[in-house]
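# Structure at a glance
These are the residues of each chain, in order.
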Amino acid sequence: MRTPRLTAPDTVLLLLCAMYLILYVDRVNISTAAPLIQSDLKLSNTELGLAFSAFAYPYAAFQLIGGWFGYRFGARRTLCVSILIVCLATALTGAVGGLFSLFCARVALGFGEGAALPTATHAISSWTPVARWGFAQGITHSFARLGNFVTPGIVAILIGLASWRASFFILAGASLIWMTIWFWYFRDSPGEHPSITAADLSRLPRRERGEDQHALPWLALARRIWPATAVNFCYGWTLWLFLSWIPSFFVQNYHLALASSALYASGVFFGGVVGDTTGGIASDMILRRTGNRVLARRSVIICGFLGAGIFLVPVILVHDLLVSAACLSLAFFFAELIVAPIWAVPMDIAPRYAGSASGMMNFGSASAGIVSPVFFGFMVDFTGTWTVPFVASILLLLLGAALAFCLRPDQPLADRDGAAPALAAARPI
């Protein structure tokens, strides 16, 4: 039997999957080490929440301008610079001496990661067939959640072998390896890649030479993307709750040791690995079978919001470790169903400007990352219970389901912007 050929577009997608995994390992490693960092630096939950949120300030800002960097300078150079900054910021986290230096290290990490996801979306829009955009977003974000899944165990092992500081130094090295491979292999234009074939190119979206030099229609993009931004804020609130506080939740609420909390947190994050891929496959399948882009994106998003809200309720009402762990896993699974279709929406609306459009959309989640971790930590300190912040997340999940009815991925930005031809190519044959 002939072995299927790994094409250049497949390899690019695999490289982006690896990047998402590395980025999220470097993003959430602090959550697993948080109990030790908190004790070593003598931080309250509120101060720790402030350190968690520091990442999101530059990260949110670069959602708006980071996509432009990828559009203007190309994904090859932009992602190399981004990952280099991530490497340095991760290493610096292991050298912090207090709240201020920890805050600064997380700010630096936010700068590095801020441009990465919008730029990756720009690369996906050129290197992936239109009909597989949902799958591409789902599989890359599944690797991000795989990073969430493996990080607690990896960090716990590294801490056991060395220290929490050494764990950050060691993890920084993976970023440099990826950066070297990406710069060597990737090309901004698929047609310039030495391994691309005519068959590969025929399946990819057509791009005109020099089109990345066109001026970005910022206001037109913002008007079309704001509903997705609002929806993503509601999703992001719960995402940042999980990324920042779930390991500490098991330690403080159920008095588990670090190794045990890492095990339970990994189980919760594994639900996200499955949810991301499932959401992308389901959205693309609905699009192929119905040709209805609104149904394909909106229905999966609403299902995700409602399912996540339902499974957070037992976490509040039942004080049982296994029930909480199972329900948190299911809640995260449903929340992650949202990711692939909501990231596909900007690509549907403005494929030429996919990086900037997705950055505007992800500004909502990044903004939630500024508020959610601090609010969660403050409410735990103020009330002495985890109930209130979980209730706030449930309410925002319900709001997100309602706002999803405003999404119109079936209406491209304008024919003159090159969006309509790409959308037409995605209709089922």
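Residues numbered from 1 in each chain as written. Predicted model: local features only at pLDDT ≥ 70, side-chain atom pairs only at ≥ 80, totals over all residues. Heavy atoms only, no water.

### Digging into the overall build of the protein chain
Along the protein chain, the regular secondary structure elements total 17 helices and zero strands. Its C-alpha radius of gyration of 21 Å places the protein chain within 12% of the 22 Å reference for a compact globule of 429 residues. Considering only C-alpha atoms, the protein chain reaches an extent of 60 × 50 × 45 Å along its principal axes. Sorting the 429 residues of the protein chain into buried and exposed places 59% on the buried side. Within the protein chain, residue pairs in contact and separated by at least 24 positions form 85% of the contacts whose partners lie at least 6 positions apart. Carbon together with sulfur atoms contributes 69% to the accessible area of the protein chain, which is approximately 16,200 Å² in total. Looking at the protein chain, you have 27 positive and 20 negative side-chain charges, and the mean spots of the two groups are 6 Å apart. (Helix = DSSP H or I, 4+ residues; strand = E, 2+ residues; numbered from the N terminus. Rg over C-alpha atoms; globule rule 2.2 N^0.38 Å. Buried < 20%, exposed > 50% of the residue type's maximum accessible area, 1.4 Å probe, protein only. Contact = heavy atoms within 4.5 Å. Areas by Shrake-Rupley, 256 points an atom, 1.4 Å probe, with all protein chains shown as cover. Lys, Arg positive; Asp, Glu negative; His and termini not counted. Charge placed at Lys NZ, Arg CZ, Asp CG, Glu CD.)

### Notes on a nonpolar patch on the surface
Among the surface-exposed residues, Leu 306, Val 391, Leu 395 and Leu 398 lie close enough to one another that they form a single nonpolar patch of about 330 Å² accessible area. Tracing the backbone through its elements, the reader meets Val 391 in helix α16 (residues 387-403). Residue Val 391 is classed as partly exposed on the basis of its relative accessible area, which comes to 34%. (Patch = residues over 30% accessible without salt bridge, like charges linked within 9 Å, V, L, I, M, F, W, Y side chains within 5 Å. Salt bridge = Lys/Arg side-chain N within 4 Å of Asp/Glu carboxyl O.)

### Digging into the nonpolar core
The biggest cluster of nonpolar side chains holds 124 residues, and the ones touching the most others in it are Trp 182, Phe 242, Phe 250 and Leu 328. Tallying contributions element by element places helix α1 (residues 8-41) first for this core, with 18 residues. The residues touching Phe 242, leaving out its near neighbours within four places in the chain, are Pro 247, Val 268, Phe 269, Leu 312, Leu 328, Ala 331 and Phe 332. (Core = buried A, V, L, I, M, F, W, Y, C linked by side-chain atoms within 4.5 Å.)

### Quick word on the side chain of Ser 142
Among the secondary structure elements, Ser 142 is positioned in helix α7 (residues 133-161). Residue classification places Ser 142 among the buried residues on the basis of a relative accessible area of 3%. Not counting residues up to four positions away in its chain, the partners in contact with Ser 142 are Val 273, Asp 276 and Thr 277.

### Notes on the packing of aromatic side chains
Describing an aromatic ring pair means giving the distance of the ring centres and the angle of the ring planes. Following the criterion strictly, the structure yields 24 aromatic pairs and no others. A ring pair is formed by Phe 233 and Trp 237, whose centres lie 6.3 Å apart and whose planes are at 50 degrees; its orientation type is tilted. A residue pair is termed a helical-turn pair when its members lie 3 or 4 positions apart in one helix, as Phe 233 and Trp 237 do in helix α10 (residues 218-254) at four residues. Residue class for Phe 233 comes out partly exposed when judged on its relative accessible area of 26%. On the numbers, 5.5 Å between centres and 80 degrees between planes, the contact of Phe 249 with Phe 390 is edge-to-face. (Phe/Tyr/Trp six-rings, centres within 6.5 Å; stacked < 30°, edge-to-face > 60°.)

### A look at the pattern of salt bridges
Considering all chains together, one arrives at nine salt bridges under this definition. Its salt-bridge partner being Arg 145, residue Asp 276 comes within 3.7 Å of it at the nearest N-O pair. One end of the pair, Asp 276, is in helix α11 (residues 258-290); the other, Arg 145, is in helix α7, with 131 residues separating them in the sequence. The same class applies to Asp 276 as to Arg 145, namely buried. One salt bridge connects Arg 408 with Asp 410, and the closest N-O pair in it is separated by 2.6 Å. Sharing partners across several salt bridges, the network here consists of Asp 284, Arg 293, Arg 297 and Asp 348.

### Remarks on helix α14 (residues 339-349)
Buried residues dominate α14, accounting for 11 of its 11 residues. For α14, every residue scored as buried is listed here: Val 339, Ala 340, Pro 341, Ile 342, Trp 343, Ala 344, Val 345, Pro 346, Met 347, Asp 348 and Ile 349.

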